[in-house]
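# Results of the structural survey
For reference, the chains in residue letters:
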Amino acid sequence: MEITLDSPLDMHLHLRDGDMLKLVAPLSGDFAGAVIMPNLVPPVTEPGGMLAYNQRIREAMGNTPFSCYMTLFFTKQNEQQLALAQSTPSFFAYKLYPAGITTNSEGGVARLAEAENTLKLMEEMGIPLLVHGESHGFVMDREAEFLGVYRQLAQQFPKLRICMEHITTAAALDLLDEFENLCATVTLQHLIITLDDVAGGALQPHLFCKPIAKRPGDRDALLQAALSGHPRLMFGSDSAPHPRCKKEACGCAAGVFTAPLALPKLAEIFARHGALCQLQSFVSGNARRIYGLTPLAKQVTLQNTPMAVPGSYRSYGQQVVPMYAGEHISWSIKS
Ligand code: NCD
Ligand code: ZN
């Protein structure tokens, strides 16, 4: 069995910088493009820094054609600043992080009221808002507690395109259905694992991410929504590489590295559920329609021939361990 995907997109990707960027960027090369997260140290807050980062990504990609949809780390902006961002090539959206909620987000938004003027302008100018939607509450309830904020934003800014990034709960899907101006990304791991896989037995640091994987009912609802072709749900891997020594450590960094195996694993899952026909919209069509994107043309054929996932990827002095390290996935990319 085979399926050919037309310009697959990863709508939430961490590529990092420096040697890690050089190692991981080519591993996303089967995608036609990706939305690039800005949480570097320091975060990407200015169009100039964003352009320079985009150039470093291009260099790290080598000859592989790849569309970068760059994001800026949300801070308060006036109209001039927003206009400058909007006119900067490769700019796609602002990414809002509640202050300190995840990796390198200390400079995020502490009180949402401070962001209102900027959000109003973004609504008027047609600039999308991507949100890391977690409260500072109990770890399993953080997303649920943030849903009220999403509701408020969706009501207050009805023309603002708001993306709930990496949703992990059935409740988030219910909210998605309530508001036309909401859309959402979901990761590979949140379609597959629950908290049990992370911490139910021996602790699995390579499955630890934010938001943390939730209950079986949440996982099942997300999977059903993806398989049934929910029109406002998009694939965003949130592939978030950290050096092996930072994952296999006390104080393990949050993030699951899935970029090199995401498409084969998605094909395996969709095929197993008889839903391969929905994969194209999940990994590209919905994003193109929602945001009006025209990614570069790239076709990737997946086949049900096994892929052996390496125990780790290493070069440039970096080593990163992927999800399914040392295991087989029953689908692979046909080269
Ligand atoms: C991400 C990272 O490492 O940058 N980590 C994660 O667990 N998902 C940040 C994020 O998207 O929250
Ligand atoms: Zn992320």
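Residues numbered from 1 in each chain as written. Chains lettered and ligands numbered in written order. Predicted model: local features only at pLDDT ≥ 70, side-chain atom pairs only at ≥ 80, totals over all residues. Heavy atoms only, no water.

### Topic: the coordination of the zinc ion (ligand 2)
How we decide: Here a donor is any nitrogen, oxygen or sulfur atom (N, O, S) within 2.8 Å of the metal, with 3.2 Å used for Na, K and Ca; water is not among the atoms considered, so some sites may look incomplete. Every angle between 85 and 135 degrees makes a four-donor site tetrahedral, while opposite donors more than 155 degrees apart, with all other angles between 65 and 115, make a four-donor site square planar and a six-donor site octahedral; other sites are irregular. Runs of H or I in DSSP of at least four residues are treated as helices and runs of E of at least two as strands, each being numbered from the N terminus. Only protein chains enter the area calculation, which uses a 1.4 Å probe; residues under 20% of their type maximum are buried, those over 50% are exposed, and those in between are partly exposed.
Within the first shell, the zinc ion (ligand 2) binds the protein through His12 (NE2), His14 (NE2) and Asp238 (OD), at distances of 2.0 Å. Every donor counted, the four donor atoms about the zinc ion (ligand 2) form angles of 90 to 137° at the centre, which fits irregular coordination. Within one chain, the residues donating to the zinc ion (ligand 2) are spaced in sequence as H-x1-H-x223-D. Of the two residues, His12 is situated in strand β2 (residues 9–13) and Asp238 in the loop between β9 (233–235) and α10 (244–247); the sequence distance between them amounts to 226 residues. Pair check on accessibility: His12 and Asp238 agree, each one buried.

### A short note on the nonpolar core
Here is the rule: In plain words, nonpolar cores are sets of buried Ala, Val, Leu, Ile, Met, Phe, Trp, Tyr and Cys residues tied together by side-chain atoms within 4.5 Å. Contact criterion: two residues are considered in contact whenever any of their non-hydrogen atoms come within 4.5 Å of each other.
One finds Ile36, Phe270, Leu279 and Phe282 to be the most contacted residues of the largest nonpolar core, which totals 95 residues. Considering every element that reaches this core, the biggest residue donor is helix α11 (residues 262–272), with six residues. The contacts of Phe270, once residues within four sequence positions are left out, are Ala226, Leu227, Ala275, Leu276, Gln278, Leu279 and Phe282. Counting residues in hydrophobic clusters, the runner-up holds 18 residues, among them Ala32, Ala93, Tyr97 and Ala287.

### Examining empty space enclosed by the protein
Heads up, the rule is: Cavities and pockets were defined on a 1 Å grid built from protein atoms only: a cavity is a group of points that admits a 1.4 Å probe but offers it no way out, a pocket is an open group of points flanked by protein on both sides within 12 Å along at least five of seven lines, and a lining residue is one with an atom within 4 Å of any such point. Grid points are joined across faces, edges and corners, and a volume is the space filled by probe spheres set on the points. Under the scheme applied, nonpolar residues are Ala, Val, Leu, Ile, Met, Phe, Trp, Tyr, Cys and Pro; charged residues are Asp, Glu, Lys and Arg; polar residues are all the others, including Gly.
By the definition in use, this model includes three cavities of 30 Å³ or more. Approximately 130 Å³ is the volume attributed to the largest cavity. Around the largest cavity sit 18 residues that line it, and His14, Thr102, Lys210, Asp238 and Ala240 are the ones nearest its centre. Residue composition of the lining of the second largest cavity, by class: seven nonpolar, three polar and one charged.

### A short note on the site of ligand 1
Definition in use: For this description, a residue counts as near a given molecule or strand if any of its non-hydrogen atoms is within 4 Å of it. Residues adjacent in sequence count toward polar contacts only when both atoms are side-chain atoms; beyond that, a polar contact is any pair of N or O atoms within 3.5 Å, and within protein one must be able to donate a hydrogen and the other to accept it. For every accessible area listed, the method is Shrake-Rupley and the probe measures 1.4 Å; residues are considered covered only by the protein chains on display. Whether a molecule sits in a cavity or pocket is decided by its atoms, more than half of which must lie within 2 Å of the grid points.
Surrounding ligand 1, one finds 15 residues, the nearest of these being Arg16, Asn39, Thr102, Lys210 and Asp238. Note that an oxygen atom of ligand 1 is positioned 3.1 Å from one of the backbone N or O atoms of Ala254. Contact between ligand 1 and Gly255: an oxygen atom at 3.2 Å from a main-chain N or O atom of the residue. Protein chains shield 100% of the accessible area of ligand 1, which is 320 Å² for the free molecule. Judged by the proximity of its atoms to the pocket grid, ligand 1 belongs to the largest cavity. When grouped by side-chain class, the residues that make up the shell around ligand 1 number three nonpolar, nine polar and three charged.

### A closer look at the side chain of Lys247
As a reminder, the rule being used: In this count, Lys and Arg are taken as positive residues and Asp and Glu as negative ones, while His and the chain termini are left out. Here, a salt bridge means any side-chain nitrogen of Lys or Arg that lies within 4 Å of a carboxyl oxygen of Asp or Glu.
Position of Lys247 among the secondary structure elements: in helix α10. The side chain of Lys247 sits in the buried core without any salt bridge; Glu248 is the nearest counter-charge, 9.3 Å away. In this structure the side chain of Lys247 is engaged in a polar contact, spanning 2.9 Å, whose partner is the backbone oxygen of Pro205. In this structure Lys247 touches Pro205, His206, Phe208, His242, Cys252, Ala253, Ala254 and Gly255, once residues within four positions along its chain are discounted.

### Concerning the packing of aromatic side chains
Put simply, the rule is: A pair of aromatic rings is counted whenever rings of Phe, Tyr or Trp (Trp by its six-membered ring) have centres within 6.5 Å, and the orientation is called stacked for planes under 30 degrees apart, edge-to-face for over 60 and tilted otherwise. Each ring is checked for a lysine NZ or an arginine CZ that lies within 6 Å of its centre and within 35 degrees of its normal; such an atom marks a charge sitting over the ring.
Taken as a whole, this structure holds 10 aromatic pairs when the rule is applied. When the ring of Phe270 is compared with that of Phe282, the centres are 5.6 Å apart and the planes differ by 25°; the resulting orientation is stacked. With Phe270 in helix α11 and Phe282 in helix α12 (residues 279–291), this residue pair connects regions lying 12 residues apart in the sequence. Accessibility classification places Phe270 together with Phe282 in one group, the buried group. Taken together, the ring pairs connect Phe31, Phe235, Phe270 and Phe282 into an aromatic cluster. Here the guanidinium or amino end of Lys265 rests over the ring plane of Tyr324, the centre of that ring lying 4.3 Å away.

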